[in-house]
Structures are given as structure tokens and as C-alpha cells.
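# Descriptive structure summary
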Amino acid sequence: MKKQTIVMLVGVDMCGKTQIGQELSTRLGIPYFKPSDEKHTFVSNQSKFLFDLKYADTRMVDFLQQTGHSVIFDRGYPCEWVYSQVYNRETNIDALKYIDNVHSQMGTKIIVTYRSSYLNITDDLDQTLKGDKLKKIEDLYRDFSKWTRCKIHFLNVDSEDLDKEISEIFDFLRKD
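Residues numbered from 1 in each chain as written. Predicted model: local features only at pLDDT ≥ 70, side-chain atom pairs only at ≥ 80, totals over all residues. Heavy atoms only, no water.

Turning next to the overall build of the protein. Helix and strand counts for the protein stand at seven helices and five strands. Taken from the N to the C terminus, the helices and strands of the protein come in the order β-α-β-α-α-β-α-α-β-α-β-α. Over its C-alpha trace the protein gives a radius of gyration of 15 Å, about what one expects of a compact globule, namely 16 Å for 176 residues. Considered along the principal axes of its C-alpha atoms, the protein spans approximately 45 × 35 × 30 Å. When each of the 176 residues of the protein is scored for burial, the buried share is 46%. Within the protein, contacts between residues separated by at least 24 positions form 79% of all contacts whose residues are at least 6 apart in sequence. Carbon and sulfur atoms make up 50% of the accessible area of the protein, which amounts to about 9,200 Å² in all. Averaging the coordinates of the 25 positive side-chain charges in the protein and doing the same for the 27 negative ones gives two points 3 Å apart. (Helix = DSSP H or I, 4+ residues; strand = E, 2+ residues; numbered from the N terminus. Rg over C-alpha atoms; globule rule 2.2 N^0.38 Å. Buried < 20%, exposed > 50% of the residue type's maximum accessible area, 1.4 Å probe, protein only. Contact = heavy atoms within 4.5 Å. Areas by Shrake-Rupley, 256 points an atom, 1.4 Å probe, with all protein chains shown as cover. Lys, Arg positive; Asp, Glu negative; His and termini not counted. Charge placed at Lys NZ, Arg CZ, Asp CG, Glu CD.)

Below, the structure is given as C-alpha cells:
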């Protein structure tokens, strides 16, 4: 049986997660998944993230455990932990910890993208996500890394060199 590979790309907005995730998917030959309603949900229905955490995310980890499928996730439960704090909205810590525990058991690896500076960077969906707020998001991912049971790697994307970033991710994935 082929070894299950689960990679979750999370991190600060405007750091190239989608491009990195799609390229990683191509090179590893495993599916890439980004929720198709993510942008609409982010703008108009943030309460859906809590619903998804309680129901969809718990079902997804059950599916992955039972099938052994591999996948590259573009965003995931760590984002719910971070953005619920950024936007001061309700979340479910018990569900987050449960999902984290299951992902840890499956060997999920988490890649957090970040930059050295967020000067002149503004999110394309929420114009308030810029500068110090983007740095706060990075800091919250660093806080998340203190309690997750999954292996986590912080990927600096300043160079915007996709080959270099993918190479660094492969080095991280090989460690075990």
C-alpha cells in the first residue's frame, strides 16, 4: 500500500499558498484541494467556517483515515484557529484539538508561509488585512505551532522562487 501523504498549506495572506500547493501537487502526483467557496465564504459568511469545523472537517479526517488517500490542502483547520482570533469570532477549541490529533496520527505535515516584511502587502479580499495585521496573523500561526501535534515548517517566501520553495518543502517532507 502506498504511504499516505497529507500536506496542509496555511499562512499569511498573499504569500503564494495556492501556487505552491498546485506545484507541489503536480510534483508529488497527489490531488490538490482548495474549497471552491472559500472566497465567497470569507467575504459574506464567516460563520460557515465554524460550521465546517464542526461537521465537514471532522468528516474529512474520518474519510482520510478510512481511505488512506493523499492530498495537498490549501488552507485548513489551523486557519480557523488563527482567523477566529483575528476577527474575534466564535470557534470550537475542542473540535480543533480533535482534528489536530487525528491529523497528527495520520502524519499530516503543515507548511506555514510567511514573509520577512508585510510593508505594501494588502489582501485582495479584505483590504484591512495589511501591514501589522498580517504580522499578527503570522504571530498567531507561530502560537498555533506551539500546541499542534503535527510537524510544522515555516516557509519564508520572500524570494518568490517557486523551485527553491518546493525544494525546501521536499526537504521537510523527507524528514522522518
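So much for the structure itself; the text now carries on.
With that settled, consider the side chain of Thr108. Secondary-structure assignment places Thr108 in the loop between helix H5 (93-106) and strand S4 (109-114). Under the relative-accessibility criterion, Thr108 is labelled buried at 1%. A polar atom in the side chain of Thr108 sits 2.7 Å from the side chain of His103. Each residue touching Thr108, except ones within four places of it in the same chain, is listed here: Ile6, Met8, His103, Cys150 and Lys151. (Polar contact = N/O pair within 3.5 Å; in protein donor to acceptor, adjacent residues only side chain to side chain.)

Here we take up the environment of Ile110. With respect to the helices, strands and loops of the structure, Ile110 is situated in strand S4. Along the chain, Ile110 and Asp57 lie 53 residues apart, while their C-alpha atoms are 16 Å from each other. Contact partners of Ile110, with chain neighbours within four places excluded, come to Met8, Val10, Tyr77, Pro78, Phe144, Thr148, Cys150, Lys151, Ile152, His153 and Phe172.

Most of helix H4 (residues 77-86) is tucked away: nine of the 10 residues are buried. Within H4 the residues assigned to the buried category are Tyr77, Pro78, Cys79, Glu80, Trp81, Val82, Tyr83, Ser84 and Val86. Trailing H4 by a residue or two, Asn88 shows a phi angle of about 50 degrees, which is positive.

Here we come to the sheet that holds strand S2 (residues 32-33). Here five strands make up an open sheet; going across it, the order is S2-S3-S1-S4-S5 and the pairing parallel. Both edges of this open sheet fall to S2 and strand S5 (151-156), since each of them pairs with a single strand only. Pairing of S4 with S5, which is carried by six bridges, proceeds in the parallel orientation. When the bridges of S5 are listed, Ile111 appears paired with His153. The sheet contacts of helix H6 (residues 131-147) involve strand S1 (6-11), S4 and S5, and relative to S5 the element is tilted by about 155 degrees. (Pairing = 2+ DSSP bridges. Axes fitted to C-alpha atoms, helices over the stretch in contact; angles between N-to-C directions.)

Our next topic: the environment of Asp57. Along the chain, Asp57 turns up in helix H3 (residues 47-67). Sequence separation between Asp57 and Ala95 is 38 residues; the distance between their C-alpha atoms is 8.9 Å. Once you skip the residues sitting within four places of it in the chain, Asp57 turns out to touch Asp52, Tyr77 and Ile99.

That is the geometry; function is a separate question.
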